[in-house]
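One letter stands for each residue in the lines below.
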Amino acid sequence: MTCLKDRLSERGVLIADGATGTMLQAAGLPPGVSPERWNLENPEAIHVMHQAYVEAGSDLILTNTFGGTRLRLEKARLGDSMRAINLAAARLARKAARESTFVLGDIGPIGMLLKPLGSLSIEEAKASFAEQAGTLAEGGVDAILIETMSDLAEAVAAVQGACQATNLPILVSMSFDTHGHTMMGVSPETAAVTLWDLGVDVIGANCGRSLSETLEAVKKMREAVPEATLLAKPNAGLPHEENGESIYDITPNVMAEYALKFVSLDVKIFGGCCGSTPEHIRAVAEALRT
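Residues numbered from 1 in each chain as written. Predicted model: local features only at pLDDT ≥ 70, side-chain atom pairs only at ≥ 80, totals over all residues. Heavy atoms only, no water.

Looking now at the pairing of strand β10 (residues 267-270). Relative to β10, strand β1 (residues 14-15) is paired through 2 bridges, and the arrangement is parallel. The residue bridging Ile15 from the neighbouring strand is Phe270, located in β10. Where strand β7 (residues 230-234) and β10 come together, 3 bridges link them in parallel fashion. Its bridge partner being in β10, Leu231 is matched across the sheet by Ile269. (Pairing = 2+ DSSP bridges. Helix = DSSP H or I, 4+ residues; strand = E, 2+ residues; numbered from the N terminus.)

This part covers unusual backbone geometry. The omega angle of the peptide bond from Lys115 to Pro116 is 5 degrees, so this bond is cis rather than trans. Turning to its location among the elements, Pro116 is positioned in the loop between β3 (102-107) and α7 (122-139). For Thr148, which is not glycine, the phi dihedral falls at a positive 60 degrees. Considering the arrangement of structural elements, one finds Thr148 in strand β4 (residues 143-149). Notably, Asp266 is not glycine yet its phi reads approximately 65 degrees, a positive angle. What makes Asp266 exposed here is its relative accessible area of 57%. (Buried < 20%, exposed > 50% of the residue type's maximum accessible area, 1.4 Å probe, protein only.)

Okay, the layout of surface pockets next. There is about 850 Å³ of room inside the largest pocket. Along the walls of the largest pocket sit 38 residues, with Phe66, Gly67, Arg72, Pro109 and Thr148 positioned nearest its centre. Mapped by element, the contributors of at least two residues to the lining of the largest pocket are α2 (21-26), α5 (70-74) and β4. Of all the elements, α2 adds the most residues to the lining of the largest pocket, at 3 residues. Lining the second largest pocket are 15 residues, and of these Thr22, Gln25, Ser246, Ile247 and Tyr248 sit closest to its centre. Looking at the lining of the second largest pocket, the elements that each hand over two or more residues are α2 and β9 (245-248). Broken down by class, the residue content of the lining of the second largest pocket amounts to 6 nonpolar, 8 polar and 1 charged. (1 Å grid on protein atoms, 1.4 Å probe; cavity = no way out; pocket = protein on both sides within 12 Å on 5 of 7 lines; lining within 4 Å. Points joined across faces, edges and corners; volume = space filled by probe spheres on them. Nonpolar A, V, L, I, M, F, W, Y, C, P; charged D, E, K, R; others polar.)

With that settled, the discussion passes to the packing of helix α6 (residues 82-96) against α7. It is at 8 Å that the axes of α6 and α7 come closest, and there the two elements cross at 40 degrees. When the axis of α6 is compared with that of α7, the two are oblique. Of the two possible hands of crossing, α6 and α7 adopt the one that is right-handed. Residue-level contacts link Met82, Arg83, Asn86, Leu87, Ala90 and Arg91 of α6 to Glu131, Gln132, Thr135, Leu136, Glu138 and Gly139 of α7. (Axes fitted to C-alpha atoms, helices over the stretch in contact; angles between N-to-C directions. Parallel < 35°, antiparallel > 145°, perpendicular 65-115°, else oblique. Left-handed = near helix turned anticlockwise from the far one by under 90°. Contact = heavy atoms within 4.5 Å.)

Turning our eyes to something else, we now look at the nonpolar core. Of all hydrophobic cores here, the largest spans 69 residues; its most connected members are Ile144, Ile146, Met174, Ile203 and Phe262. The contacts of Phe262, once residues within four sequence positions are left out, are Leu211, Thr214, Leu215, Val218, Ala232, Pro234, Val267 and Phe270. Ranked by size, the runner-up nonpolar core spans 14 residues in total, among them Ala16, Phe102, Val202 and Leu231. (Core = buried A, V, L, I, M, F, W, Y, C linked by side-chain atoms within 4.5 Å.)

Applying the stated rule across the entire model yields 1 cavity of 30 Å³ or more. Its volume calculated, the largest cavity comes out at about 40 Å³. Contributing to the lining of the largest cavity are Ala16, Leu62, Leu104, Leu145, Leu231, Ala232, Lys233 and Ile269. Top contributing element to the lining of the largest cavity by residue count: β7, with 3 residues. Of the residues assigned to the lining of the largest cavity, the class counts are 7 nonpolar, no polar and 1 charged.

See below:
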């Protein structure tokens, strides 16, 4: 199998998967329960989700470890299971992957503010990210994806921690959801320059409020660092409540139309975030491969 770094240098777009959390909720994950818990307690549901994305056309699938740092798992009283959760997640994704499918070890924010705004030190954050990245690497992932970051300092700490723990490729993505900036006030241009200078393999934007806003953020990242390898994984819009359920309005066809707009900015990796399904990814694959 071609390694991810080589694949990134080749022509063509790589299609990532869609949402994890909303997919597992649809499969019966109770409200308030950490999705990572199911890596141990309901592995079949995780495998079925990964398999659905692979069959829909995903070239890359993410492990179910968005909240898998020890510090974040401790909030759900799962800190002592950090290693087992991340190893199981990596192996479940690998089991569902085809020979040509890349498995990305997914790392999200810790969920605590860094000093001086909060109590978490850079050193503590870096150590927690390193621990998770190392465990995911041990589980057999092909690369580390650091995603949905709002605090640039935390994103940098995650990259540095991952670099300490593994030599795997590193992808890092911010969420621009507040007037074109992250929730912590980081602009796409500042994020792009800072993250690309760290020597990571891919930078980009994910989650966010809308496809159009994420597209604008990616455009600004491209303008700030023309040589960067970019990824985009936008939400299927924002949810609204119907009969007690969260409904996302962006259809698979609309997602596919936007995928073409993202690719026109030379985005190398495109997938979906919250609210996107295998049907969205199938439509994207059909649009980008015709």
